[in-house]
Each structure stands twice: as C-alpha cells, then as structure tokens.
Amino acid sequence: MAKKVAFIGLGNMGGGMAANLVKAGFEVNAFDLSPAAQEQAKKEGCQIVETAAEAVVGVDYVVSMLPNGGIVESVYIGTESNPGLLSTIPTTALILDCSTIAPDNARRVGTAAEAAGVRFVDAPVSGGVAAAAAGTLAFMVGGTEENFESAKVVLDAMGANIFRAGDVGAGQVAKICNNMLLAIHMTGTAEALQLGIDNGLDPKALSDIMLKSSGCNWSLEKYNPVPGVMEGVPSSNDYQGGFMVDLMLKDLGLAMEASLSSRSSIPMGAAARNLYNLHKNATAEDKGAKDFSSIQQFYAK
Ligand code: NAD
C-alpha cells in the first residue's frame, strides 16, 4: 500500500517537492494557506485538504516547507488555547521539517515532538526552486541514525544528495554554515572580478585565469556574477531567477544568531551580511528580489 504523506507549505520550493513525492508513488495530503498554491498542488496530483490538522490524519510522514522558525513552531507546537499539529499527528509518523530555520527553533520543535511521542528530523535543503522541481536537492538532516534512515525513504524522492549532519538541529547548523560560506565566496569573487575590470581586464579572460588558479571556487565555476561571462546563469538574465538577496539575508541573519549563541567569531560572515544589506538598499530600487550574484552591481562603477 502507498505510504501517506502530509505536506504543509506548497510555495516555490514545497510545490515542486510535493509533486515529486506524488511522482514517486506517495499519497500526498497537501495544505497551504494560499488557495493558488493549493490549486497548483491539486494539478500535480496531491489530495487537497481544508486544514493542516486534516492533512495529518492517518499519515506515515509529515513534511513541511515553511517561511520561518516562528511559523514552524506555531504549526507544530502552537499555543495552549490553539495547540499545533503535535497533538494530532499519529505517534507512528515521522516529521521532516525542510524549512530553513534557526537551530534553536528546530530543537524546540524536536523536544516538543519527543514529549508528544512523535519522531522528528530537521532536513533543510541546498538548491533552489529549479532543484526542488527537478528532485535534485541536497538535504542536510539532523536527527537520530534511526530516524535518518526512515527519513531517507521520503528524501530520496525529492533529492539527489542526502547527508546526516548530527542530532536534531544539526541539519540547520550545516545549512547556515554552507550558505554563509557561499555568501563569502560570492562577494569575494565579485570583488576580485571588479578589481580586474577596473584595471582594464576582460572579465571572461580573468575568470578563465582564476578558474585554473588558486582563486577557483564554486561561484566562479558555476555562477559567474558578471553579465555575459557565462550562459544560463542569473547574471546573464538581469539577475532574475536563482536565489534571492532577501533569502541570502535571511540565512546570514540565522548565521549571526547562531554565532551569538555559540560565541563564535564570524567577521567574514558579518561583512557579507552588511554587504548584502547595503546592496539591497543602495538605490531606490529594492534589490531583495534579485539573484544573490547581483552583489556584482554593488561593486560595479
Ligand atoms: P514561499 O514563500 O514560496 O513558500 C512558503 C509557503 O508556506 C507559502 O505558500 C505560504 O502560503 C505557506 N505558508 C505560510 N504559513 C503557513 C501555514 N501556517 N500553514 C500552511 N502554509 C503556510 O517560500 P519558499 O521559497 O518555498 O521557501 C520555503 C522555505 O525553504 C524557507 O524556509 C526558505 O528559506 C527555504 N529555502 C528556499 C530556497 C529558495 O530558493 N526559494 C532555497 C533553499 C531553502
């Protein structure tokens, strides 16, 4: 018999992920506050329900892909007068929260789930909307070995690379570290390329040199931020699509929060966050919706 999944949060990422679960043979009960998102999920073969509580009845797994930690806590834990889904999810089910949230949010939900007798893993993703639709996301999972093995059955249908980072919350820590490093090498790459351009170099020639030299990195290899150097990347499409500046700022904010609680020094991450804030607000046009490689425009003369 097909395994049943409740999917909560059918936005840019969740919509594609839920569709891939249907394609893999899961029965998916889908819920979102947005009627348009519900309608799209219905077209993809999901069963649409009226409430989140209805979605979790009799399911084997609950997957959530929600905007932030406050919403994740309210959906699962809720309040005394308005309890969340933990009071209704079957105790045989496993929760996989794939949202990007603070490790502390994930740990609070994990602890509340344990108290309610329900298994929980945090499983944030790397990869954007295209990877969500293609089923090629990378998942970074926080939870016990046993829960990780159970989660893989579902994650395999939505992703290409699945890692266990450690106990509950560790998936979120891995995600935050990765995205902080991404912001640092993207800003560094844009800075180096602009220095070359300002000193008379062709950005394509400079990129080719650095790709075979010690400055080589993922941003240069896969995501060159200078328009026209590389085909099929956001910089060559007016920085449309890809990973928004606002989402990068969210992740850098989570890195700052994590560094405060662990008392870690993150001068490069803090600088990257400031650069992205300055870039977002540098002109009358809010750059929040542009791809994060548009940081090149902040350096360009
Ligand atoms: P989105 O805003 O497109 O989707 C979120 C969905 O959640 C919306 O459809 C919204 O209506 C729904 N929602 C909000 N509150 C709800 C509630 N209480 N109950 C049910 N549904 C509710 O956002 P997204 O881009 O899909 O991102 C989702 C998560 O994935 C975020 O945590 C984000 O940081 C993370 N993420 C996004 C990307 C990306 O490229 N978009 C990449 C990696 C990770």
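Located above this text is the structure these notes cover.
Residues numbered from 1 in each chain as written. Predicted model: local features only at pLDDT ≥ 70, side-chain atom pairs only at ≥ 80, totals over all residues. Heavy atoms only, no water.

Chemist: Even after reading the chapter, I still don't get the pattern of salt bridges, so can you show me in this structure?
Modeler: Tallying each qualifying case throughout the model produces twelve salt bridges. Linking Arg 107 and Asp 104 is a salt bridge whose minimum nitrogen-to-oxygen distance equals 3.0 Å. With a gap of three residues between them, Arg 107 and Asp 104 both fall in helix H5 (residues 103-115), about one helical turn apart. Close ionic contact of Arg 164 with Asp 167 constitutes a salt bridge, the shortest N to O distance being 3.1 Å. On the basis of relative accessible area, Arg 164 is assigned to the partly exposed category, the value being 30%. Taken together, the shared-partner salt bridges connect Glu 145, Arg 164 and Asp 167 into one network. (Salt bridge = Lys/Arg side-chain N within 4 Å of Asp/Glu carboxyl O. Helix = DSSP H or I, 4+ residues; strand = E, 2+ residues; numbered from the N terminus. Buried < 20%, exposed > 50% of the residue type's maximum accessible area, 1.4 Å probe, protein only.)

Chemist: Can you help me understand the nonpolar core in this one?
Modeler: For soluble globular proteins, nonpolar side chains are generally found buried alongside one another. Counting residues in hydrophobic clusters, the biggest one holds 34 residues, and the most contacted among them are Phe 7, Met 17, Leu 21 and Phe 139. In this view, Phe 139 contacts Met 17, Cys 98, Ala 123, Pro 124, Val 125, Leu 155, Met 158, Gly 159, Asn 161, Ile 162 and Phe 163; residues no more than four positions away in its chain are not counted. Grouped together as the second largest cluster of nonpolar side chains are 24 residues, Ala 6, Val 72, Ala 113 and Phe 120 included. (Core = buried A, V, L, I, M, F, W, Y, C linked by side-chain atoms within 4.5 Å. Contact = heavy atoms within 4.5 Å.)

Chemist: Explain the side chain of Glu 73 to me, please; I cannot follow it from the model alone.
Modeler: Checked against the element boundaries, Glu 73 lands in helix H4 (residues 69-76). A distance of 2.8 Å separates polar atoms of two side chains, one belonging to Glu 73 and the other to Asn 105. In this structure Glu 73 touches Gly 78, Asn 105, Arg 108 and Val 109, once residues within four positions along its chain are discounted. (Polar contact = N/O pair within 3.5 Å; in protein donor to acceptor, adjacent residues only side chain to side chain.)

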